[in-house]
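Residue-level listing of the chains:
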Amino acid sequence: MSHAEPTSTQARFQAGQRVRIHDRHPGVHHRVPRYVKGHEGVVERVCGLHGQPERFVRGDGLPATRLYRVCIPQSQLWPDYQGQACDTLEVEVFEHWLEPA
Amino acid sequence: MSHDHDHNHDHDHDRTFQPDHPEPTSEAARVGLALRELLLEAGHYTRAEEAAMISRMQGASPDNGARLVARAWTDPAFKARLLDNGSDAITELGFDLRPAEFTVMENDDQEHNVIVCTLCSCYPRALLGMSPSWYKSRSYRSRLVREPRTVLAEFGVELSDDVHVRVHDSTAELRYMVLPQQPAGTEDWSEDRLRALVTRDSLIGTQRTLTATDTDADGAPFP
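Residues numbered from 1 in each chain as written. Chains lettered and ligands numbered in written order. Predicted model: local features only at pLDDT ≥ 70, side-chain atom pairs only at ≥ 80, totals over all residues. Heavy atoms only, no water.

> Just checking my understanding: could you explain the sheet that holds strand β5 (residues 98-100) of chain A for this structure?
Read across the sheet, seven strands follow the order β5(A)-β1(A)-β2(A)-β3(A)-β4(A)-β3(B)-β2(B) without closing on themselves; strand pairing throughout is mixed. Both outer strands of the open sheet, β5 of chain A together with β2 (111-116) of chain B, are each paired with one neighbouring strand and no more. Neighbour-to-neighbour, the strand axes of this sheet turn through a mean angle of 35°, independent of strand direction. Bridge count for strand β2 (residues 40-50) of chain A against strand β3 (residues 65-73) of chain A is six bridges, and the pairing is antiparallel. Each bridged residue has a counterpart across the sheet, and for Arg45 of chain A the counterpart in β3 of chain A is Arg69 of chain A. (Pairing = 2+ DSSP bridges. Helix = DSSP H or I, 4+ residues; strand = E, 2+ residues; numbered from the N terminus. Axes fitted to C-alpha atoms, helices over the stretch in contact; angles between N-to-C directions.)

Quick look at the structure:
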């Protein structure tokens, strides 16, 4: 599909790398749930290039942007987490929402 | 549909969604219908393409997922391809969810996977059909990421403390399916027999254990 045409094939982050999810709140539709914002995690895998949700609101979603799966320990997300230390939450995050941690 | 009645009205029967579909009454439904008509008039897709899409969506069911699972259980090479690149692997069985990235997470003795979409209710619908109503509920979506073991226990999933629970929040372009564990004692079963054991909830991860109850040795289709 035209909106997913790659503009860059170089992924900024690699699997296993520690990243932090930006804690920002744009006033448009985006696909980062509030409960993971500001948290650190590890890139579980590098996914494909996709249109940006924020840009679809007003246009074509371009530039196509790298998507990642980020793995966060549950005990870090929720200080009072009742499960086990090994439990994880995994979420898809676009590259422009990530920075090295 | 007959058009020979002559009462006065301002709608156009040729444009109604389906012959037996009720006229839209809410503002949102009217906007949706108007949008569809504009898309058709502008040539973004044809009525035939729309009908084919509706037919395809309505034909989707958890049995498609059961086919993938039974194939993975009986064909290790297919299973490896399915886990490595689900989008490509399912085209071998005639399915296609692209441009969404179909992603399969495998359960084993040390790991349990479960799927949710906290932002809305993303689900591989074109493959598995409509998601269950609880999947779309505020309770499931808000609680599964916060207290997954409690929610899973409510579904009857018993997990020992050493099992790693992985919750997958389907936030963007990936669509997920869980590959459940093959029940013990079914190693020599045919693909069709195995397929009948797979449940919808086991594909979402709210069921962990499948039972090797052979209700139909010929391989009954998914109920």
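> I keep staring at unusual backbone geometry and nothing clicks. Help me out?
Peptide bonds are mostly trans, and most non-glycine residues show a negative phi. At the junction of Leu62 of chain A and Pro63 of chain A, the peptide bond is cis and its omega measures out at 0° in the coordinates. Its location among the elements puts Pro63 of chain A in the loop between α1 (53-56) and β3.

> I'm lost on the nonpolar core in this one. Help?
The tendency in soluble globular proteins is for nonpolar side chains to be buried as a group. By size, the foremost hydrophobic cluster in this structure holds 70 residues, and its most contacted members are Val36 of chain A together with Leu68 and Phe102 of chain B. With six residues, the top contributor of residues to this core is helix α3 (residues 62-74) of chain B. Setting aside its immediate chain neighbours within four residues, Leu68 of chain B contacts Phe78, Leu82, Ile90, Leu93, Phe95, Phe102, Leu127 and Met177 of chain B. (Core = buried A, V, L, I, M, F, W, Y, C linked by side-chain atoms within 4.5 Å. Buried < 20%, exposed > 50% of the residue type's maximum accessible area, 1.4 Å probe, protein only. Contact = heavy atoms within 4.5 Å.)

> How do you make sense of the interface of chain B and chain A when you look at a structure like this?
For interface size, the figure often reported is the accessible area lost on association. Taken together, the contacts link 28 residues of chain B with 28 residues of chain A. For the pair chain B and chain A, the summed buried surface comes to about 2,300 Å²; carbon and sulfur atoms form 48% of the total. In this structure, Arg146 of chain B and Asp80 of chain A form a salt bridge, with 3.1 Å as the shortest nitrogen-oxygen distance. Summed over the shared surface of chain B and chain A, the result is 24 residue pairs in polar contact (both at pLDDT 80 or more). Mapped by element, the contributors of at least two residues to the side of chain B that touches chain A are β1 (101-106), α8 (148-154), β3 (164-169) and β4 (174-179) of chain B. Looking at which element gives the most residues to the side of chain B that touches chain A, the answer is β3 of chain B, with six residues. (Buried area = accessible area lost by both parts, 1.4 Å probe. Salt bridge = Lys/Arg side-chain N within 4 Å of Asp/Glu carboxyl O. Polar contact = N/O pair within 3.5 Å; in protein donor to acceptor, adjacent residues only side chain to side chain.)

> It is not clear to me how the packing of aromatic side chains should be interpreted in this structure. Could you clarify?
Throughout the structure, instances matching the rule amount to eight aromatic pairs over all chains. Look at Trp134 of chain B and Tyr140 of chain B: their rings are 5.0 Å apart centre to centre, the planes differ by 65°, and that puts the pair in the edge-to-face class. Under the relative-accessibility criterion, Tyr140 of chain B is labelled buried at 4%. Each member of the aromatic cluster is reached from another via a ring pair, and the members are Tyr123, Trp134, Tyr135, Tyr140 and Phe155 of chain B. Just above the ring of Trp97 of chain A sits the side chain of Arg24 of chain A; from NZ or CZ to the centre is 4.4 Å. (Phe/Tyr/Trp six-rings, centres within 6.5 Å; stacked < 30°, edge-to-face > 60°. Lys NZ or Arg CZ within 6 Å of the ring centre and 35° of its normal.)

> How do you make sense of the side chain of Asn64 of chain B when you look at a structure like this?
Residue and element names in this part refer to chain B. Mapped onto the fold, Asn64 is located in helix α3. You can call Asn64 buried: its relative accessible area is 13%. Setting aside chain neighbours within four positions, we find Asn64 in contact with Phe95 and Leu127.

> Teacher, can you tell me more about the environment of Gly86 of chain B here?
Note that Gly86 of chain B resides in helix α5 (residues 86-89). Once you skip the residues sitting within four places of it in the chain, Gly86 of chain B turns out to touch Arg81 and Phe102 of chain B.

> Sorry if this is basic, but what is going on with the packing of α3 of chain B against helix α4 (residues 76-84) of chain B here?
If you want to describe how two helices pack, look at the angle between their axes and the distance between the axes. Residue and element names in this part refer to chain B. At a closest axis distance of 5 Å, the pairing of α3 and α4 adopts a crossing angle of 125°. It follows that α3 is oblique to α4 by the angle criterion. Relative to α4, the crossing made by α3 is left-handed. Contacts between α3 and α4 involve Leu68, Arg71, Ala72 and Thr74 from the first element and Pro76, Phe78, Lys79 and Leu82 from the second. Tallied by class, residues from the contact of α3 with α4 come to five nonpolar, one polar and two charged. (Parallel < 35°, antiparallel > 145°, perpendicular 65-115°, else oblique. Left-handed = near helix turned anticlockwise from the far one by under 90°. Nonpolar A, V, L, I, M, F, W, Y, C, P; charged D, E, K, R; others polar.)

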